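What the coordinates show
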Amino acid sequence: MAPLTLAGIERAARDQLAPEIWDFVEGGSGAERTLAANREMFGRHAFRPRALVDVSECVPAVDLLGAALRFPVGIAPMAYHRLVHPDGETATARAAGKAGALLVAGIFASRTLEDIAEAATGPLWLQLYWLRRREALAALVERAEAAGYAALLLTVDAPRIGRRLRDLRNGFAVPPEIRAVNLDPALMAASHHAGQGSSGIAEHAREQFDPTLTWADLAWLRERSRLPLVLKGVLTAEDARRAADHGVDAVVVSNHGGRQLDGALPALAALPEVVDALPPHIPALLDGGVRSGADIAVALALGARAVLVGRPAFWGLATGGEAGVGQVLDLLRDELEHTMALLGRPSVADLDRTALAPWPV
């Protein structure tokens with residue numbers, strides 16, 4: 001029997017993946033308080049269903065930066081999809097396209113930008129970290145634009161990598177046969193080596209990530225591309241207003257899936273203040289803790305235009321390649337439509353804060 005929820009796919013993936021790979025995918029930083037809180041926040045909201053509404057057709061389609069999505073979901077940027085399946089990002093891209101979902105390819109993708117673009121039939125963005133070697137960033141931006149990527153997503157919450165204790169205990173390093181193929185191997189060398197009590201991921205970030213990045217640097221990126229610019233890692237109204245002042249096209253409310261500052265606000269808790277601080281033409285996306293269509297409905301009701309899912313896509317990829325990712329996306333879409341029908345909110349536009357109440361305590 002096929003899994004009926006993402007939790008079933010999660011269990012199957014855990015059984016299949018090596019423990020150190022599982023910990024790399026699933027782990028958070030520090031005591032993993034924020035990792036847990038991302039999920040727990042959804043349970044603090046109750047639905048207020050409306051009766052006697054025609055829900056014979058529920059339409060979850062949205063427009064996002066000019067692209068039509070069949071439903072308001074994208075696959076979050078994650079490195080090294082080939083860690084969990086040999087087809088890697090091309091399988092993920094094919095599944096996202098068939099489902100009508102967005103794919104955000106990671107800067108440390110294990111398939112080339114061009115191969116991912118060839119496999120994609122839906123909206124495709126490229127995620128960037130700000131590297132010390134700006135010429136490497138500029139080259140990626142040029143390739144992405146030439147290959148048809150529709151936006152650049154800059155992750156801004158990682159001036160250094162969070163203290164991910166699972167990776168440190170495992171001495172995790174990226175296996176030599178898995179590479180970030182879009183970057184110079186010399187630039188990525190540190191990610192493949194780790195001693196006892198260290199992490200190749202952390203060593204690489206310490207060596208290559210530029211911690212001097214400020215708002216003023218966004219102009220440099222703008223000068224090199226006509227693509228829309230999205231900032232991922234915004235958790236406060238103050239930064240939302242700064243993003244709008246600097247001409248950003250969208251923001252992603254995210255704490256990096258609980259992998260950066262432990263104790264940071266859960267993404268869902270930060271969403272309303274970010275949405276309220278943004279002008280209406282700048283959409284906010286939510287990233288962190290989404291595990292069901294009901295979760296998506298909560299995020300949309302609080303003002304998100306769409307959500308990004310990360311770990312669940314890896315679970316599907318690990319258990320079934322392209323078909324597994326498709327199963328994850330199909331479940332989320334079906335659950336969202338089901339929730340909209342029972343809520344009496346047949347369109348995404350009907351999902352606003354009146355659909356929610358605090359869970360009674």
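Everything discussed here concerns the structure shown above.
Residues numbered from 1 in each chain as written. Predicted model: local features only at pLDDT ≥ 70, side-chain atom pairs only at ≥ 80, totals over all residues. Heavy atoms only, no water.

Remarks on the sheet that holds strand β7 (residues 151-155)
Pairing within the closed barrel is parallel, and its eight strands lie in the order β4-β5-β6-β7-β8-β9-β10-β11. Neighbour-to-neighbour, the strand axes of this sheet turn through a mean angle of 25 degrees, independent of strand direction. Inspection of the sheet shows strand β10 (residues 284-287) paired to strand β11 (residues 306-309) by three bridges, in the parallel sense. Looking at β11, one finds that L285 is bridged to A306. Packing against the sheet, helix α14 (residues 311-343) makes contact with β4 (73-75) and β11, and its axis sits at approximately 170 degrees to β4. (Pairing = 2+ DSSP bridges. Helix = DSSP H or I, 4+ residues; strand = E, 2+ residues; numbered from the N terminus. Axes fitted to C-alpha atoms, helices over the stretch in contact; angles between N-to-C directions. Contact = heavy atoms within 4.5 Å.)

A word on helix α2 (residues 19-26)
Taken across its eight residues, α2 has six buried, putting it largely inside the fold. Within α2 the residues assigned to the buried category are I21, W22, D23, F24, V25 and E26. Those residues of α2 hidden inside the fold are in contact with α1 (6-16), α3 (33-40), α7 (165-170), α9 (200-208) and α14. (Buried < 20%, exposed > 50% of the residue type's maximum accessible area, 1.4 Å probe, protein only.)

Details of the layout of surface pockets
Where empty space is left in the structure can be found by rolling a water-sized probe over the atoms. Its boundaries defined by the atoms lining it, the largest pocket holds a volume of some 490 Å³. Of all elements in the fold, only β7 and β8 (229-234) reach the threshold of two or more residues within the lining of the largest pocket. Per element, the largest residue contribution to the lining of the largest pocket is three residues, and it comes from β8. When grouped by side-chain class, the residues that make up the lining of the largest pocket number 16 nonpolar, seven polar and three charged. In this structure, the second largest pocket is lined by 19 residues; those nearest its centre are R160, I161, A202, E203 and R206. At the level of elements, α7 and α9 are the ones that each hand at least two residues to the lining of the second largest pocket. (1 Å grid on protein atoms, 1.4 Å probe; cavity = no way out; pocket = protein on both sides within 12 Å on 5 of 7 lines; lining within 4 Å. Points joined across faces, edges and corners; volume = space filled by probe spheres on them. Nonpolar A, V, L, I, M, F, W, Y, C, P; charged D, E, K, R; others polar.)

Concerning the nonpolar core
The nonpolar side chains of a soluble globular protein tend to be buried, and buried together. By size, the foremost hydrophobic cluster in this structure holds 129 residues, and its most contacted members are L128 and L286. Counting residues per element, this core draws most heavily on α14, at 13 residues. The residues touching L286, leaving out its near neighbours within four places in the chain, are F42, V253, A267, L268, L271, A299, A304, A306, V307 and L308. (Core = buried A, V, L, I, M, F, W, Y, C linked by side-chain atoms within 4.5 Å.)

Observations concerning the packing of aromatic side chains
One pass over the full model with this rule turns up six aromatic pairs. For the ring pair F24 and F172, a centre distance of 4.7 Å and an interplane angle of 15 degrees mean the geometry is stacked. In this pair, F24 is assigned in helix α2 and F172 in the loop between α7 and α8 (185-188), connecting sequence segments 148 residues apart. When sorted by exposure, F24 lands in the same class as F172, which is buried. (Phe/Tyr/Trp six-rings, centres within 6.5 Å; stacked < 30°, edge-to-face > 60°.)

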